[in-house]
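What the coordinates show
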Amino acid sequence: LRAPAHRHVDAVFDALADPTRRRVVETLARGGTVTASGLAAQLPITRQAVAKHLAQLDDAGLVQRADAPGREVRYALRPGALGEAAGWMRDAEAAWDGRLGRLKVAVERR
Amino acid sequence: MKLRDETPKQADEKTPWVERETMIEASPEEVWEALTDEDRLEEWMAPEVDLDPVEGGGIAVRDGDDQRSGKVETLEENERFGFTWSRPGEGESFVEFMIEALPGGSRVTVVETPLHSAATNTAAGSTMAFGWGPRLLRLSHTLRFALVA
C-alpha cells in the first residue's frame with residue numbers, strides 16, 4: 001500500500017515547486033514559528049498571499065499550526081514531510097546509480 | 001570524434017530533484033542505441049521493456065511486480081531522450097537522459113522530477129524544482145539531527 005504515501009510525497013513536491021513556498025519552508029527551517037504578517041514583512045508579497053501559501057503548505061503536511069498565544073495563527077515546520085520527500089529522492093538516486101552502472105557495462109562490453 | 005561546444009552550465013535554478021551522471025567509454029551514438037532500442041534497454045534498465053521510440057510513443061518497464069509506464073516526450077538523436085513514467089496509481093515523474101560527447105567517451109546525465117497535476121500539464125519539466133533537490137536533502141538531514149539533539 002505504497003500509493004497513498006506516494007501521493008503525499010507528490011503533494012510535498014507540488015508545494016515545493018513554488019519559489020515563495022520554498023522560501024517560507026527555508027525560513028521555518030531556521031526554527032521557531034511564524035505568522036502570515038511576520039512572513040509578509042520579510043517577503044515581497046502581501047499578507048493575504050503569504051496566508052494562501054501557508055494554507056497550501058499546511059495541506060501538503062509541510063507546516064502545522066503551532067500552539068501559541070496571540071490573535072494570529074502561528075505555523076511551524078513539520079520535518080516529517082520533508083523527510084519523506086528526501087527519502088523519495090534518495091531512493092530515486094540509488095535506483096538511477098544502479099541503472100547507470102548497468103548501462104555503462106552494457107555499452108562498454110560491445 | 002566530433003567535439004561539441006561546452007553546453008552552457010545550467011543555472012542552479014534549473015536543477016531538477018534528482019540528477020545522476022556517469023562516464024561511458026563509447027560514442028554518443030553507441031549510448032543512444034542502448035537508451036532507445038527496447039532490446040538494448042532490457043540489458044540494463046529492466047528485464048522487460050517496451051518502447052516505441054517516437055515522440056508521444058509508449059514506454060513500459062517491468063521488473064517483476066514493479067511496473068511503470070508512460071510516454072516519450074523528447075527525442076533528439078544522440079543527445080536527449082525524455083519520457084514520463086509512473087507506477088499504477090502513483091504520481092508521474094519526468095525522466096530525461098542527456099548525452100554529451102567528451103574526448104574518449106560520453107557523459108550521460110539522467111534527471112528525474114515528480115510532475116504534478118496541480119501545476120501546468122504542458123511541457124514536462126515546467127514544474128521542475130529549480131535547484132532545490134540538494135537543498136531539500138541538506139535541510140532534511142539538518143532537521144533530523146536537530147530533532148535528535
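Residues numbered from 1 in each chain as written. Chains lettered and ligands numbered in written order. Predicted model: local features only at pLDDT ≥ 70, side-chain atom pairs only at ≥ 80, totals over all residues. Heavy atoms only, no water.

With respect to the packing of helix 2 (residues 19-29) of chain A against helix 4 (residues 47-59) of chain A
Residue and element names in this part refer to chain A.
- One way to put it is that helix 2 packs onto helix 4 with a least axis distance of 10 Å and a crossing angle of 75°. As far as their axial angle goes, helix 4 and helix 2 are roughly perpendicular. The residues of helix 4 that touch helix 2, namely those facing Thr20, Arg21, Val24 and Val25, are His53, Leu54, Gln56 and Leu57.
- Counted by class, the contact of helix 2 with helix 4 contains four nonpolar, three polar and one charged residues. (Axes fitted to C-alpha atoms, helices over the stretch in contact; angles between N-to-C directions. Helix = DSSP H or I, 4+ residues; strand = E, 2+ residues; numbered from the N terminus. Parallel < 35°, antiparallel > 145°, perpendicular 65-115°, else oblique. Contact = heavy atoms within 4.5 Å. Nonpolar A, V, L, I, M, F, W, Y, C, P; charged D, E, K, R; others polar.)

Observations regarding the sheet that holds strand 7 (residues 105-114) of chain B
Residues and elements named next belong to chain B.
- On the basis of which strands lie adjacent, the open sheet formed by seven strands has the order 1-7-6-5-4-3-2 and antiparallel pairing. In the strand order of this sheet, the two ends are held by strand 1 (18-24) and strand 2 (48-51), each with one partner. On average, each strand axis in the sheet is inclined to that of its neighbour by 20°, with strand direction left out of account.
- The pairing of strand 1 with strand 7 spans seven bridges and is antiparallel. In the sheet register, Arg20 faces strand 7, and the bridge partner there is Val110.
- This element, helix 1 (residues 28-36), spans strand 1, strand 2, strand 4 (66-76), strand 5 (80-86), strand 6 (93-102) and strand 7 of the sheet and lies at about 160° to strand 6. (Pairing = 2+ DSSP bridges.)

Considerations on the environment of Ala106 of chain A
- Residue placement: Ala106 of chain A occurs in helix 5 (residues 79-108).
- Not counting chain neighbours up to four residues away, the residues in contact with Ala106 of chain A comprise Arg40, Glu43 and Trp44 of chain B.

Let's talk about the interface of chain A and chain B
- Taken together, the contacts link 36 residues of chain A with 47 residues of chain B.
- One can count four salt bridges joining chain A with chain B.
- Residue Asp97 of chain A is joined to Arg20 of chain B by a salt bridge in which the shortest nitrogen-to-oxygen separation is 2.9 Å.
- In this structure, the connection of chain A to chain B is made through nine residue pairs in polar contact (both at pLDDT 80 or more).
- At the level of elements, helix 1 (3-16), helix 2 and helix 5 of chain A are the ones that each hand at least two residues to the side of chain A that touches chain B. (Salt bridge = Lys/Arg side-chain N within 4 Å of Asp/Glu carboxyl O. Polar contact = N/O pair within 3.5 Å; in protein donor to acceptor, adjacent residues only side chain to side chain.)

As far as function goes, none of this settles anything; it's purely spatial.
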